[in-house]
Amino acid sequence: MFYREAGDFKTSYRDDGQTFPIRLDRWGYYAILAVAFLVVPLVIDSYWANAVLVPFLIYAIAAIGLNILTGYAGQVSLGTGGFMAVGAYAVYKLMTAFPGVPIVILIVVAGAVTAVVGVLFGLPSLRIKGFYLAVATLAAQFFLVWLFNKVPWFYNYSASGQINAPERTMFGWAITGPATTASAKYLTCLVFAVVLAWVARNLTRGSVGRKWMAIRDMDIAAEIIGVNPLTAKLSAFAVSSFFVGIAGALLFSVYLGAAEASEAFGINKSFLILFMVIIGGLGSIFGSFAGAAFLVLLPVFLKNVLVAQLGWPTDLAAHIELMIVGALIVFFLIVEPHGLARLWRLTKEKLRLWPFPH
Amino acid sequence: MEFLYASEVLVNGLMAGVMYSLVALGFVLIYKASGVFNYAQGVMALFAAMTLVGIMEGRVPFAHLINAAFGTHVSSFGWTVPALLGIALTALVMVGLAIAIEKLVLKHLVGQEPIILFMATIGLAWFLEGLGDVMWGADVKTLDVGLPQGISETAETLTNDWLGYGFFIDRLDIWAAVIAALLVAALVGFSQYTKQGRAMRAVADDHQAALSVGISLQFIWIMVWSIAGFVALVAGIMWGTKSGVQFSLSLIALKALPVLMLGGFTSIPGAIVGGLIIGMGEKLFEYFVGPLVGGATENWFAYVLALLFLVFRPQGLFGERIIERV
Amino acid sequence: MTHDPTPDARHIGPVLMDLKNITLRFGGVTAIKDISFDIREGEIRAIIGPNGAGKSSMLNVISGFYVPQEGEIWFEGKRRPAMKPYEVARLGLARTFQNIALFDGMSVLDNIMTGRLNKMNAPLWSQALWWGRAEREEVENRAQVEKIIDFLEIQNIRKTPVGRLPYGLKKRVELARALAAEPRILLLDEPMAGMNVEEKEDMCRFILDVNDEFGTTIALIEHDMGVVMDLSDRVVVMDYGKKIGDGTPDEVRNNPEVISAYLGVEHA
């Protein structure tokens, strides 16, 4: 009754194309942003930041990145972990080489470096498609991780082979390093997540987004109506890798503080992000957030119930988590290939008619 | 002498390649018959090996879970099962698994895009991995079904007599090669000369047409997944005997992917030749180039090779040429 | 439905595209054998022939999807070198497909907007920030697309996902997408295939209206002879990859070779 578009007339094409065409959605969105920026930082503690919110925001960025490539441009990638490693090691090298440059700029540059690497590994997509390409992206995954493990230059010849984030500050607040507060970590990731989600939304509703979707839905027809597959696919790889690289840089510098390539950025990370995209919804920015939230919360939830409440061993909980995640992936692909985002949309469509469904 | 060292590396690579071929074969079978690119093939091998160990050692399935839930301390039935019976029982479990997969997963995904099916099998892989761990525990298990192991003295003496240099070849590798060859021969015979085999090829060619002449898709799929389960069991036995039954076993599945890219997804000879090329290639590359770049190139060599190869020949060595139409 | 093909009602200009001695082979099979014809500005040009005559291959040659082994294609007085299909599209060729090739995951509006992708060149940063050129372009092109939506009477399905539409409407959306590109030549691959009589009539009307109102040059393939004869100014007839007739509908209708090809009479 209250949630509807009737009477909410648009008088220009500009208004019609906006992100939240329904007024109530717009308000809800502003309210969430206000709470996220103004309330949460005041109440957040380090458990919530480290176990839930910070990983959620970082994985959401990575999931948006992969969603651009897979959900919008239709190119499946299993190399996300490797590209996150590029972002992490790039920001590490930049942090140690240019201690004076603000960390936020370095993180963005690390994203740009990852974009270049992404384009390089995206080149085969011009010749191969579908799961051939998916398997080819495994080459990126394994090669990159191997590279960061074996070439000491990348980890500044440290004895442990690890990379450790030195302390860097913004406006007097520590953003990286051990002294960083929970709210500083959270706010840094939140700013990146909000800005990048907005950028992703803009890109996907405009002409480049249509090129990606055209390639995804029918690549031959897209080429015949004038889409250059080279630029369309490579731009998807570039933008996607940019996002993923920033996520990797944040994961290492802000969240973990220390990382080792095969542990933090292994093949399972690639699958984790892919699952977030599938569960959240292919081709949906909102879905990327939903999927990330789901897969970040699930282990926390299982741990609380199975380990803390029932007293089961942790490894058993981890195995059950594997089964649940696997089963959910299959379930979502069968029941709702468009994921949580689609379920949300259906709910809203019902709400629009409520309480007079006929 | 340098040449002989390299040849030894080559022969050992060939043996590893046989193993890759074995896993790749499972992929090809399923792909040909159902158009599903089964990422879970490697985890199926792991699961089969775990089940085999569990049955042979008389472990109680889900012991871990039962103990946690009810506070009991069950772990073993207290008996052991001979290898052959164990293999037969495991094969039955794999058939059951095939039926479950068909009923619970595949049936609901008919007509979906290949990439969706592929992602579903990734989910399946995670599920099976978790299930295996919950059923049998995640410890590294040793598997011994009585296959001969250790360095083959015959091979060493023979090569020593011939070449003046004794090759070190694991007897298990030789056995694996022989068994793989037999398995391939049996499968080719099956698909060429039996009614079910013909039906299977018909389904591979065109689902709709096969349905219209009265072939039961459901039956074929269960059959193919069962065969793939059996192939996975054989692969699991080989790899499990060689390096223990543990998670890394499922990673051979990943190694089988570049094998398939080289060989083409639809070709049984392709799977075999691709496996041999990758097996030899990665061992030789590690031998010659590995020391220069810090080693462990086996982690990525196969993928990069397949990637470069695909860019120049997208359909693989033996795959059918793709003609695009509008 | 009747159409006056005399040039004085509409403007038919000079030769826009000239195909000279086109031969196309697939391996050992010759799909098109030494065919020449031209397309004049502003006309409706049909290519007809029985199944397997090579019509679709011909259209694919024109739209750049296949590159012929022999022959030359002249467009606007210049020889067209071998190009990628998307480059040909940018020269001003737009087409529809026999088996509808819409983008199923997108709405009708977005599908039609893809027709204008070549007119939207805002840099990536502008699109990322939705500021400046990107936003301006979006609104301008949307206005153009809305004109076509009005013209083809599909306002009510604007935001429907294409996958949900019935066949006839899909064909119309595909026409809209091609029109959105404001093509120099509009290529229609069996625009009436699989339609019922009513839908066929609608489609005929739209094709004629497009030609009349926008002056768009149209080349179409059809195997339904009746429709083609009413619609087109000139007709090329193909059989077994060869051209067996070329002229006005009346000339073609009375061509003995054409009659035998269609009625299956033994060649004398």
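Criteria and cut-off values
Throughout, a residue's number is its position along its own chain's written sequence, starting from 1. Whichever chain is written first is A, and whichever ligand is written first is 1; the rest continue in order. Totals for whole chains, interfaces and linings use every residue, but because this is a predicted model, local features are given only for residues with pLDDT of at least 70 and side-chain atom pairs only at 80 or more, for both listing and counting. Strands are runs of DSSP state E lasting at least two residues, helices are runs of H or I lasting at least four, and both sets are numbered from the N terminus onward. As defined in this context, the radius of gyration uses C-alpha atoms, and a globule is described by 2.2 Å times the residue total to the power 0.38. Residue burial here comes from a neighbour count, namely the number of other C-beta atoms, placed from the backbone, that lie within 10 Å of the residue's own C-beta, with 20 or more meaning buried, 12 or fewer meaning exposed, and in between meaning partly exposed. The split of the chain into domains comes from an automatic or database domain assignment. Residues are scored as being in contact if the C-beta atoms we place from backbone atoms lie within 7 Å. By the convention adopted, Pro, Cys, Tyr, Trp, Phe, Met, Ile, Leu, Val and Ala count as nonpolar, Lys, Arg, Asp and Glu as charged, and the other residues, Gly among them, as polar. Criterion used throughout: strands pair if DSSP finds at least two bridges between them. Linking buried Ala, Val, Leu, Ile, Met, Phe, Trp, Tyr and Cys residues through C-beta atoms within 7 Å yields a set, and such a set is a nonpolar core. To get an axis, fit a line to the C-alpha atoms, keeping to the stretch in contact for a helix; angles then go from 0 to 180 degrees between the N-to-C directions. Put simply, angles under 35 degrees are roughly parallel, angles over 145 are roughly antiparallel, angles from 65 to 115 are roughly perpendicular, and the rest are oblique. Should the near helix be turned anticlockwise from the far one by less than a right angle, the crossing is termed left-handed; should it be turned clockwise, right-handed.

1. Notes on the overall build of chain C
Along chain C, the regular secondary structure elements total ten helices and ten strands. Taken over C-alpha atoms, the radius of gyration comes to 19 Å for chain C, in line with the 18 Å a tight globule of 268 residues would show. Projected onto its principal axes, the C-alpha positions of chain C cover 70 × 40 × 40 Å. By the burial criterion, 46% of the 268 residues in chain C qualify as buried.

2. As for the domain arrangement of chain C
Residue and element names in this part refer to chain C. Segmentation of chain C into domains returns domain 1 (1-92 + 185-268) and domain 2 (102-182). Centre-to-centre separation of domain 1 and domain 2, based on C-alpha positions: 27 Å. Counting residues at the interface gives ten residues for domain 1 and eight residues for domain 2. At the level of secondary structure, the elements contributing two or more residues to the side of domain 1 that touches domain 2 comprise α2 (85-91) and α7 (197-214). Looking at the side of domain 1 that touches domain 2 element by element, the count peaks at four residues for α7. Class assignment of the residues belonging to the side of domain 1 that touches domain 2 gives a composition of seven nonpolar, one polar and two charged.

3. Concerning unusual backbone geometry
In this structure, Tyr157(A) is a non-glycine residue whose phi angle is positive, near 55°. Relative to the assigned elements, Tyr157(A) resides in the loop between α6 (130-150) and β1 (163-164). Residue classification places Tyr157(A) among the exposed residues on the basis of 8 C-beta atoms within 10 Å. A positive phi angle, close to 60°, is found at Glu153(C), a residue other than glycine. Tracing the backbone through its elements, the reader meets Glu153(C) in the loop between α5 (133-151) and α6 (167-180).

4. A word on the pairing of strand β9 (residues 234-239) of chain C
Residue and element names in this part refer to chain C. Extensive coverage of β9 is indicated by the burial of six of its six residues. The side-chain alternation of β9 yields two buried faces, one formed by Arg234, Val236 and Met238 and the other by Val235, Val237 and Asp239. As paired strands, strand β3 (residues 44-48) and β9 are joined by four bridges and run parallel to one another. Residue pairing across strands places Ala46 opposite Val235, the latter belonging to β9. Here β9 folds back onto strand β10 (residues 242-247), and the loop between the two strands holds two residues, one of which, Tyr240, carries a positive phi near 45°.

5. Remarks on the nonpolar core
Of all hydrophobic cores here, the largest spans 303 residues; its most connected members are Ile61(A) and Ile329(A). Residue contributions to this core peak at 17 residues, all from helix α10 (residues 229-256) of chain A. Two domains each donate at least three residues to this core, and these are domain 1 (1-92 + 185-268) and domain 2 (102-182) of chain C. If we ignore the near neighbours within four places in the chain, the residues touching Ile329(A) are Phe275(A), Ile278(A), Ile279(A), Met119(B), Ala120(B), Ile122(B), Gly123(B) and Trp126(B).

6. Considerations on the interface of chain B and chain A
Counting residues at the interface gives 42 residues for chain B and 37 residues for chain A. Sort the elements by how many residues they give to the side of chain B that touches chain A and helix α5 (residues 114-136) of chain B lands first, with 17 residues. Looking at side-chain class alone, the side of chain B that touches chain A contains 33 nonpolar, six polar and three charged residues.

7. A few points about the sheet that holds β9(C)
Strand-to-strand pairing in sheets goes through backbone hydrogen bonds, with the strands running parallel or antiparallel. Residues and elements named next belong to chain C. With mixed pairing, the six strands of this open sheet are ordered in space as β6-β7-β8-β3-β9-β10. Both outer strands of the open sheet, β6 (93-95) and β10, are each paired with one neighbouring strand and no more. Within this sheet the neighbouring strands show an average axis-to-axis angle of 20°, counted without direction.

8. Some points on the environment of Ile278(A)
Position of Ile278(A) relative to the elements: it lies in helix α12 (residues 267-280). Distance from Ile278(A) to Leu310(A), taken between C-alpha atoms, is 30 Å for residues 32 residues apart in sequence. Ignoring sequence-local partners within four residues, the contact set of Ile278(A) consists of Ile329(A), Phe332(A), Leu333(A), Gly339(A) and Met119(B).

9. Thoughts on the packing of helix α3 (residues 46-72) of chain A against helix α7 (residues 182-205) of chain A
All names here are of chain A. It is the contact of α3 with α7, at a shortest axis distance of 10 Å, that shows an interaxial angle of 20°. Taken as axis vectors, α3 and α7 run roughly parallel relative to one another. In this structure, α3 crosses over α7, and the sense of that crossing is left-handed. Contacts from Ser46, Ala49, Leu53, Val54, Leu57, Ile58, Ala60, Ile61, Ile64, Ile68 and Tyr72 of α3 reach α7 at Ala182, Lys185, Tyr186, Cys189, Leu190, Phe192, Ala193, Leu196, Ala197, Ala200 and Thr204.

10. Describing the sheet that holds strand β1 (residues 15-26) of chain C
Residues and elements named next belong to chain C. Pairing within the open sheet is antiparallel, and its four strands lie in the order β2-β1-β4-β5. Edge positions in the sheet fall to β2 (29-40) and β5 (78-79), since each of these pairs with one other strand and no more. Bridge count for β1 against β2 is eight bridges, and the pairing is antiparallel. Looking at β2, one finds that Val15 is bridged to Arg40. The strands touched by helix α1 (residues 55-62) within the sheet are β1 and β2, with β2 carrying the most contacts at an inclination of about 60°.

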